[in-house]
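Letter by letter, the chains look like this.
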Amino acid sequence: MNSTDTTEPPDLMSCDREPIHIPGRIQPQGVLLAVDFKDFTVRQASENLHTITGSPTADLLGGPLAGVIGEEGVRHLSGRLRRLVSGERPECLETVRLGPSGQEKKYDLIAHRNNGKIILEFESIVTEEFPETHSALESLLGQLETAKTLAELSNQTAAEARRLTGFDRILVYLFDEEGNGTVLGEDRNENLPSYLGLRFPASDIPRQARELYRVSHVRIIPDVDYQAVGVLAERPFTEPLDLTHAILRSVSPVHLEYMRNMRTIASMSVSILRDGQLWGLISGHHATPRRIPFTIRRSCDLFAKAFALRLSALERTQELERRVEVRALFSKLLAVMAGRGDYVRGLLENAHELLSFVDAGGAAVVSESFCEVVGETPTKEQIRELANWLFAGGHTEVFHSESLATVFPPAGEFGSTASGLLAIGVSKLHAGYVMWFRPEVVRTVNWAGDPAKSMTPAPGGERISPRQSFEMWKETVRGKSLSWREAEVEAAIELRNAIVGVVLRKAEEMADLTAELTRSNSELESFSYSVSHDLRAPLRHVVGYAEMLKDSVSDRLTETDQRYIRTIIESSEFAGMLVDKLLAFSRMGRMEVVRTKVDLNKLVEEIRRQLIAPDSERRITWKIEPLPPVRGDQTMLRMAMQNLMENAVKYSRDREEAIIEITGHEEGKETIIAVRDNGIGFDMRYVDKLFGIFQRLHRVEEYEGTGIGLANVRRVISRHGGRTWAEAIVGQGAVFYFSLPRTTT
Amino acid sequence: MLKPILLAEDNPKDLELTLVALAKSNLANEVVVVRDGEEALDYLFRRGPYENREHGHPAVILLDLKMPKVDGLQVLEQVRADKELRSVPVVMLTSSREEPDLRKSYDMGVNAYVVKPVAFREFISAIQDLGVFWAVLNEPPVGSVKPVIKK
């Protein structure tokens, strides 16, 4: 490569400003003149007018049309010329023989009107034989009828057009919404390389060329190396002639360079329109000069129309089929969701439906507390970041983008999997989304042998060529995915409504449940109160009067009598304690959990100091490791910890030296605390009963207790979202564990 | 010159146990017993059957929280609203700490509360502590009457 080459590549956008409809010149395969509509006075004419008249062109300017085609010709044609309507496409009025006598040649006389002017083009006749147009069209229509795909449709149209025109190569290409083109159909011989699949950016066809193609449906360049012929006016400084519809209109030098770089010497392009907009082109190319007669060009125009009609129908059918398909997938997802009552699992377990539903490469269901993915997606961290961004931007209903990175720059990191995003918000309160991802288009283009390679660069390099166009196209679609179709976005919105419905239904059920719970809670509260009050009072009285009885008669009672009274008192006191603990237990269930940062080390130390009376003869070795910080309700956690530590002390009291270990560690999303003793342990067969209320694994006379303690521990921990479990070996000791959700900070 | 203790208690058994507890604490104060809130207010405001009682306020008022007609809280409210009675200490006696009105009594300026324990010995010591604290240790405000121990 020549690195010192400072030649600026042609800025194709600058072509946007070139006034291509008024070139002031024509191609040389014919003669052009403009006459006044009202009296047929010749106002402008191409310099080569003399070739059909034999007299100098300038002599005819300002004169009557009869000077060119004779009085007889004018009389013959005037009626039809007067009927011309401005803006209508050129008509071939008839074939005429013109020229200096002895050198007469045949011309197609093509005429159209442009406001006050009639433009007459005398296109020299093509002598070559062409197929019969009617049967060609019939053949095409027959084939299009059976075509099922866009590719079939395009290829058949290309093949029929080539058969009709005899070009070395016919391309059928369509523009997307942004004007980028893709070659979808091709038919060719060995003279020209394949361009099938080639894509090029919108800038390849400048804006005003696009407009010109929209109004004038057929352009033809028989020989790229033509010598342009100037158009003369009767008077200098006359407004240049508008040649929009003129067959002979000379084309832009930039376009000619493009053709030469493509090795196409002759070309023809026919516009494919839909709803009045340029939708695509049928483009014919030839390696050598080639002329196509008017009738054949007219047939190609019909080809383009037939193609457009058929494609519209096909698209509608496909859109319809897609809608039916989407609907079926949607129904399936809906059924699963409704059945499960849990949309997340419902969606994730039907990954195929979830993805094909909107034709995505990957999907994710994300909420505050989880992020699950299927297919090809960015990382969960990236998805979470994306969800937070969506939420912060207020996109709580639906959001879709074909080039995510342009609005959310971090998406540049994962453009290959998710240049396209379709997201539906399922919560107004937090960043809850179902997302679908589409990969970058460039990555999805299948190059089948890279057609760009088959094009040899011209000596000295190419400034503009299909290869460069492809490179440019790649740049324009960098970071872009295929567009989300209307049907897909609509379906996603419907899915959102369904999900919100499921969530709402759940919320309503929850609200019902909450109301019921609140009611039963307050019932429980009054129950607690009456138990507390009504049960405690008689127990108090039993104890009080028994005490008084003991005081007043103790000197008269036998040892046995005194034991009876003691038992009455003890039992009543025990009943009182049971009532108190039961009430405390029920309070633990009702009390609101107030979460703060809790230092378990401090807590454990305080409990330990209170636990053992200073005069105790027990020998207890405490092994307390530094415990990780947790979040929870200080009071409740103290109660749980105290319970476990009391148990450890209690059940190890027969040991000469009790060893109580308290350890803690973080594991996954949990912090796990363990209290281990070397006491009597328990039989693992009964481990399930351990945490149940009023469940005891030892006889009362062995170990006192109410059977509420561990139930309370479990209740407290589960209210914190944690778990409780235990392990033991009879006679060797026990370990009690509880876990708490790990602090996020 | 000890002021009396006013005890408002509707349950006869609790009343008897409380009186025993007070007796065991060897307080010199007279204990005036009333059986509901209304009677307590009659005593405090010298009306009805107590119209002609001597002037003076009790050393401490022991109020059972739940009583017929006018409950402990309502008595407390009127005591705290009265300019003269306002400074008299009030101890609330409750059957359990689950009492929903416990918090209210604090908000209304109760000086202490006692959850009547099931264990009698604890009850005696709680009453003793209270009696000693409020009836004996506190300086009797001006206007107190000489105690007459009633049994």
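Residues numbered from 1 in each chain as written. Chains lettered and ligands numbered in written order. Predicted model: local features only at pLDDT ≥ 70, side-chain atom pairs only at ≥ 80, totals over all residues.

Caption draft 1: View of the overall build of chain A. Assigned secondary structure in chain A consists of 20 helices and 25 strands. Taking the intrachain contacts of chain A between residues at least 6 apart in sequence as the baseline, contacts between residues at least 24 apart amount to 66%. (Helix = DSSP H or I, 4+ residues; strand = E, 2+ residues; numbered from the N terminus. Contact = placed C-beta atoms within 7 Å.)

Caption draft 2: Structural view of the overall build of chain B. Per the secondary structure count, chain B includes five helices and five strands. From first element to last, N terminus to C terminus, chain B shows the α and β order β-α-β-α-β-α-β-α-β-α. Per-residue burial for chain B yields a buried fraction of 40% across its 151 residues. If you take every contact in chain B between residues at least 6 apart in sequence, the share linking residues at least 24 apart comes to 74%. (Buried ≥ 20, exposed ≤ 12 C-beta atoms within 10 Å, placed from the backbone.)

Caption draft 3: Up close: the confidence of the model for chain A. Residue and element names in this part refer to chain A. With 91% of its residues at a pLDDT of at least 70, chain A reaches an overall mean of 84. Between residues 1–13, whose pLDDT stays under 50, and residues either more than four places distant or in other chains, the model counts nine contacts. Taken as a whole, residues 446–461 scores under 50 in pLDDT and shows 17 contacts with residues more than four places along the chain or in a different chain. (pLDDT = per-residue confidence, 0-100.)

Caption draft 4: Layout of the interface of chain B and chain A. Facing the 13 residues of chain B at the interface are 17 residues of chain A. Secondary structure elements with two or more residues in the side of chain B that touches chain A: helix H1 (12–24) and helix H5 (120–137) of chain B. A per-element tally of the side of chain B that touches chain A places H1(B) first, with three residues. Each residue belonging to the side of chain B that touches chain A can be placed in one class, and the counts come to six nonpolar, three polar and four charged. (Nonpolar A, V, L, I, M, F, W, Y, C, P; charged D, E, K, R; others polar.)

Caption draft 5: Spatial organisation of the sheet that holds strand E16 (residues 398–401) of chain A. Residue and element names in this part refer to chain A. The strand order E15-E14-E18-E17-E16 describes an open sheet built from five strands, whose pairing is antiparallel. Whereas interior strands pair on both sides, the edge strands pair on one side only; in this sheet they are strand E15 (371–375) and E16. In this sheet, adjacent strand axes meet at a mean angle of 10° when their direction is disregarded. In this sheet, strand E17 (residues 420–425) lies alongside E16 in antiparallel orientation, the contact comprising four bridges. Of the residues in E17, the one forming a bridge with His400 is Leu422. Where helix H11 (residues 380–392) meets the sheet, its contacts fall on strand E14 (362–366), E15, E16, E17 and strand E18 (433–438), and the angle it forms with E15 comes to roughly 115°. Running at roughly 30° to E17, helix H16 (residues 486–553) makes contact with E16, E17 and E18 of the sheet. (Pairing = 2+ DSSP bridges. Axes fitted to C-alpha atoms, helices over the stretch in contact; angles between N-to-C directions.)

Caption draft 6: Quick peek at the environment of A:Ala726. Residues and elements named next belong to chain A. One can find Ala726 in strand E24 (residues 724–729). Separated by 52 residues in the primary sequence, Ala726 and Ala674 place their C-alpha atoms 9.0 Å from one another. In contact with Ala726, other than residues within four places in its own chain, are Val687, Leu690, Ala734, Val735, Phe736 and Tyr737.

Caption draft 7: Main features of the packing of helix H19 (residues 634–650) of chain A against helix H20 (residues 709–719) of chain A. Residue and element names in this part refer to chain A. In contact at an axis separation of 9 Å, H19 and H20 are set at 145° when each is read in the N-to-C sense. For the pair H19 and H20, the crossing hand works out as left-handed. Only Gly709, Leu710, Asn712, Val713, Val716 and Ile717 of H20 make contact with H19, whose side of the interface consists of Met636, Met639, Ala640, Asn643, Leu644 and Asn647. For the contact of H19 with H20, the class distribution of residues is eight nonpolar, four polar and no charged. (Left-handed = near helix turned anticlockwise from the far one by under 90°.)

Caption draft 8: Representation of the confidence of the model for chain B in the model. Residues and elements named next belong to chain B. On average, residues of chain B score 80 in pLDDT, and 82% of them reach the 70 mark or higher. Considering only residues more than four positions removed or in separate chains, one finds that residues 137–151, a stretch of pLDDT under 50, has 27 contacts. Scored by ipTM, the complex comes to 0.76, with pTM at 0.53.

Caption draft 9: Region of interest: the nonpolar core. Counting 70 residues, the largest nonpolar core has A:Leu32, A:Leu33, A:Val35, A:Val42, A:Ile282 and A:Cys300 as the members making the most contacts within it. Top element by residues in this core is helix H8 (residues 294–340) of chain A. It accounts for seven residues. Three or more residues apiece are contributed to this core by two domains, here domain 1 (12–20 + 128–228 + 240–318) and domain 2 (25–124) of chain A. Discounting residues that sit within four places of it in the chain, A:Cys300 has contacts with A:Ala161, A:Leu164, A:Thr165, A:Val218, A:Val270 and A:Ile282. Formed by 43 residues, the second largest nonpolar core is a distinct cluster that contains A:Val543, B:Leu7, B:Met67 and B:Leu130. (Core = buried A, V, L, I, M, F, W, Y, C linked by C-beta atoms within 7 Å. Domains from an automatic or database assignment.)

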